[in-house]
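Examining the three-dimensional arrangement
Listed below are the residues making up each chain.
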Amino acid sequence: MKEAGRRGSTKGFSQLAILSLALLFCLPQPVSGGTTSIQMDVRPGVSSTHVKYATYAINDVIRFFSDNYRIALRKKLRIILVPDEKEYAAVLGKDFGYPPGDAQKLSKTTGGMARDGQVEYVFAAKARKNASMDIFMHTACHEIIHWYQYTAGGNKSAQLKWLLEGTADLIGYHIVDANIKGAMEKFRRKTWEKIKSAPAVPSLRELYSRRDWLAAMDRYGGGVVYGKAFLAVTELAQRKGINAVFNYFLNLKTYPVPVAFERAFGMNLHNFERFIDQKIRK
Ligand SMILES: [Zn+2]
């Protein structure tokens, strides 16, 4: 899940099939070794620039994990790009199974949504006309990165939701930054501003489960919740390097959460959380 994006509706598949075929040929330097099939489902009203940046996102994320961790994307990937909130809400209902009320709400508070199925990994992203391209590309990266996290760590990956979301944000901006210079710094600056002007900021302990996370989004606002997670993971990356962050998810295959954390970052999870709560607060 990714905070703030938008789109909507159910038709236009034949047109999309043609586009997605074309995109298969456009993807620059496809990664070898994977059995990836990528389908880009572009709803009417989405610009070709958005499609281009979504394509960069897919390729760059695939390459990042292939180069650094030798992990290939092994699932069919379907990407639904929608032009507005209305279309996004419709997709959240039809493709993600949310009841209408939830779909409406999530269409406003999230920019992208992913679902890991038996045969395909689907994600939807809002590609609004006026949204800046770094934010849009980041949303696309973020949702694909979640697949790698779950592939590495299984369901345990979601036990520390702040680390799951913060990592997807950090690696996502690391990748966007290579295409749009200064994107990471701009996001970090805006995040600090958001945190400083917020009436309250959650502790990391309030951001463990998916349920915690959704409750915190309601209470503190999506920007503050994602922002806190992003800044916490940024701190980890500054101490141990960006590769250590994903090593945590790889460690989950063998170890329980606190041990996986300690092995990846060389420190106690709760001590780190206390440190960050002191550092990032009102
Ligand atoms: Zn997410």
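Only a predicted model underlies this, so the values are computations on that prediction, with no experimental measurement involved. (Residues numbered from 1 in each chain as written. Predicted model: local features only at pLDDT ≥ 70, side-chain atom pairs only at ≥ 80, totals over all residues.)

Okay, the overall build of the chain next. In terms of helices and strands, the chain carries 12 helices and five strands. For the chain, the proportion of contacts with a sequence separation of at least 24, taken over those separated by at least 6, is 71%. (Helix = DSSP H or I, 4+ residues; strand = E, 2+ residues; numbered from the N terminus. Contact = placed C-beta atoms within 7 Å.)

The next thing to look at is the nonpolar core. Core analysis: the biggest nonpolar cluster contains 80 residues, and Ala57, Val61, Leu81, Phe123, Cys141, Ile144 and Val225 have the highest contact counts within it. Here this core takes 10 residues from helix H5 (residues 133-153), the largest share from any one element. When sequence neighbours within four positions are dropped, the list of residues in contact with cysteine 141 reads Ala57, Val61, Gly172, Ile175 and Val176. (Core = buried A, V, L, I, M, F, W, Y, C linked by C-beta atoms within 7 Å. Buried ≥ 20, exposed ≤ 12 C-beta atoms within 10 Å, placed from the backbone.)

Let's shift gears to the pairing of strand E2 (residues 38-42). Bridge count for E2 against strand E3 (residues 76-82) is five bridges, and the pairing is parallel. What sits directly across from glutamine 39, in E3, is arginine 78. Once you follow E2 into helix H2 (residues 48-69) and on to E3, the crossover reads as left-handed. (Pairing = 2+ DSSP bridges. Right-handed = clockwise from strand over helix to strand, strands pointing away.)

On to the environment of threonine 254. Residue position: threonine 254 is located in the loop between helix H10 (242-251) and helix H11 (257-265). Residue classification places threonine 254 among the exposed positions, given that 9 C-beta atoms sit within 10 Å. Put simply, threonine 254 and glycine 153 are 101 residues apart on the chain and 8.8 Å apart in space, counted from C-alpha to C-alpha.

What follows covers the packing of H2 against H5. Contact geometry for H2 and H5: axes closest at 9 Å, N-to-C directions at 40°. Read as a crossing pair, H2 and H5 show a hand that is right-handed. Here Thr49, His50, Tyr53, Ala54, Tyr56, Ala57, Ile58, Val61 and Phe65 of H2 come into contact with H5, specifically with Met133, Phe136, Met137, Ala140, Cys141, Ile144, Ile145 and Tyr148. The class makeup of the residues in the contact of H2 with H5 is 15 nonpolar, two polar and no charged. (Axes fitted to C-alpha atoms, helices over the stretch in contact; angles between N-to-C directions. Left-handed = near helix turned anticlockwise from the far one by under 90°. Nonpolar A, V, L, I, M, F, W, Y, C, P; charged D, E, K, R; others polar.)

Reading predicted coordinates in detail is not appropriate for stretches of low pLDDT. For the chain, the average pLDDT comes to 87, and 87% of its residues sit at 70 or higher. The model gives residues 4-33 a pLDDT under 50, and that stretch makes 65 contacts with residues more than four places away or in other chains. (pLDDT = per-residue confidence, 0-100.)

For E3, a buried count of five out of seven residues is recorded, marking the element as mostly surrounded by other parts of the structure. When E3 meets strand E5 (residues 120-126), the two strands line up parallel, connected through seven bridges. Pairing of arginine 78 across the sheet is with valine 122, part of E5.

Once that is clear, we can look at unusual backbone geometry. You will see that arginine 70, though not glycine, has its phi angle at about 55°, which is positive. The exposure class assigned to arginine 70 is exposed, which follows from the 8 C-beta atoms found within 10 Å.

Moving on to helix H6 (residues 161-179). Taking 1.5 Å per residue, 19 residues should reach 27 Å; H6 reaches 27 Å between its end C-alpha atoms and fits that length. The buried count for H6 comes to 15 of 19 residues, which makes it a mostly enclosed element. (Expected span 1.5 Å × (residues − 1).)

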